Amino acid sequence: MEPPHIDTSKQDSGRRRPWVVGISGASGTPYAASVVRGLLAAGEAVDLIVSRASRLTLLDETGIAFRDAHWRADLREWLARGADGKPETFPVTEAELAQVRYWAAGDLAAGPSSGSYPVKGMLIVPASTACVAGVALGLSKDLLQRVASVTLKERRRLVVALRETPLNGPTLKHLVALDEAGAVVLPASPAFYAGATHIQDLVDFVAGRVLDAAEVPHRLYRRWEGELRGGSRNEEAPDAP
């Protein structure tokens with residue numbers, strides 16, 4: 001007798017498959033906030049990992065102390081803050097926060113530490129050179145590095161948004177190793193052709209490129225369409241000479 005057919009398509013359709021967002025200790029926490037907002041706006045679920053070093057950076061850049069016991073309230077305050085430091089710049093709903101699952105950086109038994117845990121991929125933003133080295137060498141010293149290693153071994157999308165400069169030889173070799181392993185190496189390099197008029201525009205450009213690499217739709221920046229726009233997004237292009 002043949003075994004009964006199991007319709008796995010129906011099982012998978014109801015399964016939560018988040019993007020893991022890993023935040024390392026490099027400067028650039030507004031990039032991470034913009035990426036998370038973009039994922040939630042696109043209807044994506046998010047598993048969040050905040051490294052110990054990134055908590056110090058977040059405190060320094062925003063004044064927000066990210067606490068394990070109060071992570072939801074702290075995350076809401078962070079996501080609502082603009083890149084210029086102004087609070088309550090962006091609306092953050094309870095429905096959006098309900099799509100976020102937080103894992104402590106020291107929890108090596110967390111769901112995403114296993115390849116059997118269903119995720120779409122991982123976005124490390126911002127990524128420090130120490131984080132890059134750890135992932136490239138397979139150190140798995142904390143949950144962030146462990147999940148990145150799992151992402152690579154499972155052949156899932158890994159986007160590494162490096163935010164440090166200048167880069168020395170060892171770091172460049174680590175970045176090549178990540179590229180060869182299948183990761184997308186995406187330096188946090190804002191562009192100006194999109195008509196940026198505010199620091200938030202520059203932050204959103206980088207966040208938008210991270211989401212582009214993950215093939216997540218968004219409207220964070222104005223895309224190049226082969227026509228000069230004359231600077232600001234609010235200005236008309238000058239007449240041709």
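Residues numbered from 1 in each chain as written. Predicted model: local features only at pLDDT ≥ 70, side-chain atom pairs only at ≥ 80, totals over all residues. Heavy atoms only, no water.

Details of the overall build of the protein
Counting its regular elements, the protein contains nine helices and six strands. Within the protein, the proportion of its 241 residues that are buried is 46%. (Helix = DSSP H or I, 4+ residues; strand = E, 2+ residues; numbered from the N terminus. Buried < 20%, exposed > 50% of the residue type's maximum accessible area, 1.4 Å probe, protein only.)

Description of unusual backbone geometry
Here Val125 and Pro126 are connected by a cis peptide whose omega angle stands at -10°. Assignment of secondary structure puts Pro126 in strand β4 (residues 121–127). Each neighbour pair has its own omega, and for Thr165 with Pro166 the value is -5°, a cis peptide bond. Phi is positive for Ser140, close to 55°, though the residue is something other than glycine. Along the chain, the position of Ser140 falls in the loop between α6 (129–137) and α7 (143–153).

Description of helix α3 (residues 52–62)
Listing the buried residues of α3 in full gives Ser54, Thr57, Leu58 and Thr62. For α3, the buried positions fall inside an angular range of 100° around the axis, keeping them on one side. The exposed residues of α3 that point more than 90 degrees off its buried face are Arg52, Leu56 and Asp60. On its buried face, α3 sits against β1 (19–23), α2 (29–41), β2 (46–50) and α4 (71–80). Once α3 ends, the next one or two residues include Gly63, with phi positive near 85°. (Arc of directions from axis to C-beta. Contact = heavy atoms within 4.5 Å.)

Comments concerning the nonpolar core
Counting 40 residues, the largest nonpolar core has Leu39, Leu48, Leu75 and Leu123 as the members making the most contacts within it. Only β1, α2, β2, α4, β3 (100–104), β4, β5 (157–162) and α9 (199–213) provide two or more residues apiece to this core. Non-local contacts of Leu39, meaning those with residues more than four positions away in its chain, are made with Trp19, Val21, Glu44, Val46, Leu123, Leu211 and Val216. Residues Cys131, Leu162, Leu175 and Leu178 belong to the second largest nonpolar core, which totals 23 residues. (Core = buried A, V, L, I, M, F, W, Y, C linked by side-chain atoms within 4.5 Å.)

What to know about a nonpolar patch on the surface
The grouping of Tyr193, Trp224 and Leu228 at the surface amounts to a nonpolar patch, some 380 Å² of accessible area in total. Within the secondary structure, Leu228 is located in the segment after α9. Exposure remark for Leu228: the relative accessible area of 70% places this residue in the exposed category. (Patch = residues over 30% accessible without salt bridge, like charges linked within 9 Å, V, L, I, M, F, W, Y side chains within 5 Å. Areas by Shrake-Rupley, 256 points an atom, 1.4 Å probe, with all protein chains shown as cover. Salt bridge = Lys/Arg side-chain N within 4 Å of Asp/Glu carboxyl O.)

Notes on the packing of aromatic side chains
Within this structure, the stated rule accounts for six aromatic pairs. Both rings, one in Tyr193 and one in Phe205, keep their centres 5.6 Å apart while their planes meet at 90°; by these two values the pair is edge-to-face. Residue Tyr193 is found in the loop between β6 (184–185) and α9, and its partner Phe205 is found in helix α9; the two are separated by 12 residues along the sequence. By relative accessible area, Phe205 is classed as buried at 5%. A network of ring pairs unites the aromatic residues Tyr193, Phe205, Tyr221 and Trp224 as a single cluster. The side chain of Arg37 reaches across the aromatic face of Phe90, ending 3.8 Å from its centre. (Phe/Tyr/Trp six-rings, centres within 6.5 Å; stacked < 30°, edge-to-face > 60°. Lys NZ or Arg CZ within 6 Å of the ring centre and 35° of its normal.)

Observations regarding the packing of α6 against helix α8 (residues 169–180)
The geometry of a pair of packed helices is captured by two quantities: the angle between their axes and the separation between those axes. Interaxial distance between α6 and α8 falls to 9 Å at its minimum, and their mutual angle equals 50°. Looking at the two axes, α6 sits oblique to α8. Between α6 and α8 lies a crossing of left-handed hand. Across the interface between the two elements, Thr129, Val132, Ala133, Val135, Ala136 and Leu137 from α6 touch Thr171, His174, Leu175, Ala177 and Leu178 from α8. Looking at side-chain class alone, the contact of α6 with α8 contains eight nonpolar, three polar and no charged residues. (Axes fitted to C-alpha atoms, helices over the stretch in contact; angles between N-to-C directions. Parallel < 35°, antiparallel > 145°, perpendicular 65-115°, else oblique. Left-handed = near helix turned anticlockwise from the far one by under 90°. Nonpolar A, V, L, I, M, F, W, Y, C, P; charged D, E, K, R; others polar.)

So, the sheet that holds β2
Strands sit in the order β3-β2-β1-β4-β5-β6 across an open sheet of six strands; the sheet is parallel. Looking at strand neighbours, the two that pair on one side only are β3 and β6, the edges of this open sheet. By the bridge criterion, five bridges tie β4 to β5 in an arrangement that is parallel. Each residue of the ladder has a partner; that of Ala127, found in β5, is Leu162. Running over the sheet, α7 touches β1, β2, β3, β4 and β5 and is turned about 135° from β4. (Pairing = 2+ DSSP bridges.)

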